[in-house]
Amino acid sequence: MFQCLICEQNTSIPVGGASVLPQNLHLGFEVEVAGYMSKMVNSSEVCCDECVDGRNGLAVVFCCMCHQFLCKVCRDHHSSSRKLSKHKTVLLDQAGARQLHTCMKPRDHYCSQPSHEDNKLNFYCKTCSMLVCRDCTTVTHKSHSVEELSTVAKSFQMEITGALEYAKEVVTKLTGATDENNRMREQAEISKRAAFLAVNQAFEILQQTLEERKKTLLSELGAILLPKTTALTLQKEQFEKMVGDIGHYTDMASQILQTHTDHEIVALGGLIATELQATLKRVQTISFTPNQHSNITVSVETYGLDRQLSKFGEIIVFSPSPSSSIWISISVARLGTRYQVKVQSKTSKGVKYPHGGEEVSGELRSKTHNGAVVYGEVEDHSDGTYTITLTPQTAGPHQLLITMDGQHVQNSPSDLDVRPKRDYHTLCDAQQVIQCNRPACVAIHDNGDIYVGSRDNCIYVFDQTGQLKNTIGSMGNGDGQFCNPSSISIKGVMLYVADTENHRVQKLTSSGRFLRKFGKEGTGQGQFNCPLAVIIDSNNKLIVSDCDNRRIQILNENDGWLLTIDVKGSGNHSFQSPWGLALEPQGNIHVAACGTNTIKVFTKEGIYVRMYGDPNHPSGIAIDDEGYSLVSEWSGNCISIYDPEGNKIHTVGSLKNPWGTALDPRDGSVFIPNYGTNTVLKYCV
């Protein structure tokens, strides 16, 4: 393994060693510059490259155009030469070395093959992915796909430019997401402090309530125990007095019996016996049972309370998010047409919050027209869902802003392009006719380029004026080759092509560089038998009409097969020959059911929804952002247009075997590959 100095990616050294690695002229140039810089900075004496044996002395400057060290004499000759006087030279010091990267230009590159050393590398072999000279194109690369270097460079420049534009969009979105993340983190910190305060206050109230309850219970207990303890104390004192009286007389009686004479016993005994018997009689009149003998029980069982307190309180974090199917669909709106956005509030665990009452607002803000704002009407359904209705009043770029309790919900703000309403009744004559041999499908790039799949087993690329600018692929079953391409779908700088007779879908860059393929001939999951159409949704899922297998397959670009919509059998969902495909704004899949001359509609989960229309052999379908369907009729020699409810509103005739239909993503222009006349027609709406 080694790390590339340019992209800093680790890669394995291939069999055959470093010599078989692809050419890297940029890296070679960097090494050359580094060598010159090292020589300028670290060498105290540098010889002149122009003098013979350095007879005029040491070098004092370096020529960035000739890549030579020059002495004073040669430098003067350089500056006085008409041809060389404009060359940039730098001094041999650190400052001069630092200038090399900006002023030094790469040399012309020459072929390294024997006897070709004088030939410049002005051609590029696509088969071998390497630069070659003119002689190489007729010898070792004779049967390969070779193009002029300038043509290939222009193609790569377009691809890189497209990638840069896409990267710029992504960075803009990421920057916005970062700003939103910072705002949300600040809001989270505020929410955290408020939550901490609420929890502390709640438990302070609980502690205060428990303390007050404790005081109340102790007070009640004291009020109950006081009379009980008083009565018991008085009874105890009475018992003690009786014991004392009895003890007094028994002590006297015992003493007389032991120490006195009979005379004294007779004299005192009667009195003592009388008092003792009277005392004993009084004892018999009192109860020996303690007064207030009832028990006192205090119920302070904590088991149930412990369980309740352990579950006391609930943390609910709102994460308002719009209904994805409706929210995502609104990227383009029509002037004067009412649109509805549905918002669903959810807890942090993704559970729908079942109550209303949140402060929800929606507004449509124009990026032109002095920032004109349309405020939406909000309906609270009292179940956590809200409907916002907006009607655009001005055309052009807008921002859609949806907030809940002062915070933007997911995907807000979102860009919204408001366009004038289309009138398909005006479609009549084509505004542009592009000559193209055997056109079978068409797709329009965001930059306006027109990609036409041809039965010549290639893809022709035309610019907006109809001039051919590139041809992608050739007949064959190799990577990047085709056998009857029948459908093209474009997303960003990527092409997805239904390569029908090769029973696969291919992914290429917009310049035609092969990236990967999906499927092979068969009936298994992810296999195809004459796929006639491919589209890609917003989640990078490929939807393919697998014609001869009578099914629609949905694949994930990374994980492969996901779902099969089987259209065999009986019932409204079944039909033969699924052909063209399109996605409506709400995400449902429309299928040109060629075998039954209808359009069938399914959800992305494969559930049959409805059918509409009566096209004659429908071959292609496109759906605009308002939900209008444009269906090409191979045998009907026309294009039929249906409103979102499936009612036919207009027909464009005088065609001959129209194969597919495509819409320009920029202005909604309609493109028809008119197979029978070898043309592609453009209609402006």
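First, a word on scope: everything that follows refers to the structure included in this document. (Residues numbered from 1 in each chain as written. Predicted model: local features only at pLDDT ≥ 70, side-chain atom pairs only at ≥ 80, totals over all residues. Heavy atoms only, no water.)

## Quick word on unusual backbone geometry
Excluding glycine, a negative phi dihedral is what most residues carry, and trans is how most peptide bonds are arranged. Backbone geometry places C530, a non-glycine residue, at a positive phi of 60 degrees. Mapped onto the elements, C530 comes out in the loop between β27 (514-518) and β28 (531-536). Look at C530 and you get buried, because its relative accessible area is 12%. Although it is not a glycine, N540 adopts a positive phi angle of roughly 60 degrees. Mapped onto the elements of the fold, N540 is located in the loop between β28 and β29 (541-546). (Helix = DSSP H or I, 4+ residues; strand = E, 2+ residues; numbered from the N terminus. Buried < 20%, exposed > 50% of the residue type's maximum accessible area, 1.4 Å probe, protein only.)

## A word on the sheet that holds strand β36 (residues 618-623)
If you walk across this open sheet you meet the four strands as β36-β37-β38-β39, and the pairing is antiparallel. Of all the strands in the sheet, the pair left with one neighbour each is β36 and β39 (648-652). Each neighbouring strand pair of the sheet contributes to a mean axis angle of 20 degrees, computed without reference to strand direction. Pairing between strand β37 (residues 629-633) and strand β38 (residues 638-642): five bridges, direction antiparallel. (Pairing = 2+ DSSP bridges. Axes fitted to C-alpha atoms, helices over the stretch in contact; angles between N-to-C directions.)

## What to know about the side chain of H141
Inspection of the secondary structure puts H141 in the loop between α4 (134-137) and β8 (146-148). Once residues within four sequence positions are removed from consideration, H141 is found in contact with C125, C128, M130, V132, C136 and V146. (Contact = heavy atoms within 4.5 Å.)

## A word on the pairing of strand β25 (residues 494-499)
The buried count for β25 comes to five of six residues, which makes it a mostly enclosed element. Summarising the sheet, strand β24 (residues 485-491) and β25 pair through six bridges and their orientation is antiparallel. Bridge pairing links K491 to M494 in β25. Remark: two residues form the turn of the hairpin made by β24 and β25, two consecutive strands paired antiparallel; G492 in that turn has positive phi of roughly 65 degrees.

## Here we look at a nonpolar patch on the surface
Side chains of I224, L225, I296, V298 and V300 sit close together on the surface and give an oily, nonpolar patch of about 390 Å² of accessible area. Relative to the helices and strands, V300 is located in the loop between α6 (262-284) and α7 (303-310). In this structure V300 comes out as exposed when scored by relative accessible area, which is 52%. (Patch = residues over 30% accessible without salt bridge, like charges linked within 9 Å, V, L, I, M, F, W, Y side chains within 5 Å. Areas by Shrake-Rupley, 256 points an atom, 1.4 Å probe, with all protein chains shown as cover. Salt bridge = Lys/Arg side-chain N within 4 Å of Asp/Glu carboxyl O.)

## Re the nonpolar core
With 16 residues, the main nonpolar core has V343, L364 and I388 as its most contacted residues. Grouped together as the second largest cluster of nonpolar side chains are 15 residues, C547, W579, I621 and W659 included. (Core = buried A, V, L, I, M, F, W, Y, C linked by side-chain atoms within 4.5 Å.)

## Section: the pairing of strand β23 (residues 468-472)
As paired strands, strand β22 (residues 458-462) and β23 are joined by four bridges and run antiparallel to one another. For I459, the partnering residue across the bridge sits in β23 and is I472. Where β22 hands over to β23, the hairpin turn is made up of five residues, of which G466 adopts a positive phi near 95 degrees.

## Section: helix α3 (residues 94-103)
All of the buried residues along α3 are G96, A97, L100 and C103. Seen from one end, α3 has its buried residues packed into an arc of 130 degrees, which puts them on one side. What points out from α3, more than 90 degrees from its buried face, is the exposed set Q94, R98 and T102. (Arc of directions from axis to C-beta.)

## Some details on the sheet that holds β25
Spatially, the four strands line up as an open sheet ordered β24-β25-β26-β27, and their pairing is antiparallel. Edge positions in the sheet fall to β24 and β27, since each has one partner strand and no second. Each strand axis lies, on average, 20 degrees off the axis of its neighbour in the sheet, ignoring direction. Here β25 runs beside strand β26 (residues 504-509); their pairing, made up of six bridges, is antiparallel. Within β26, the position partnered with V497 by the bridge is Q506.

## Overview of the pattern of salt bridges
Counted by the stated rule, this structure contains 25 salt bridges. With its nearest N and O atoms 3.6 Å apart, the salt bridge here joins R422 to D625. Note that R422 is positioned in the loop between β18 (414-419) and β19 (432-435) and D625 in the loop between β36 and β37, a separation of 203 residues in sequence. Given a relative accessible area of 15%, R422 falls into the buried group. Residue D625 is classed as partly exposed on the basis of its relative accessible area, which comes to 22%. One salt bridge in this structure joins K507 and E557, with 2.1 Å as the shortest N-O distance. Taken together, the positions of K507 in strand β26 and E557 in the loop between β30 (551-556) and β31 (560-566) put the pair 50 residues apart, joining distant regions of the chain. Each member of the pair, K507 as well as E557, is classed as buried. Salt bridges sharing partners connect three or more residues here, namely D417, R419, R422, D624 and D625.

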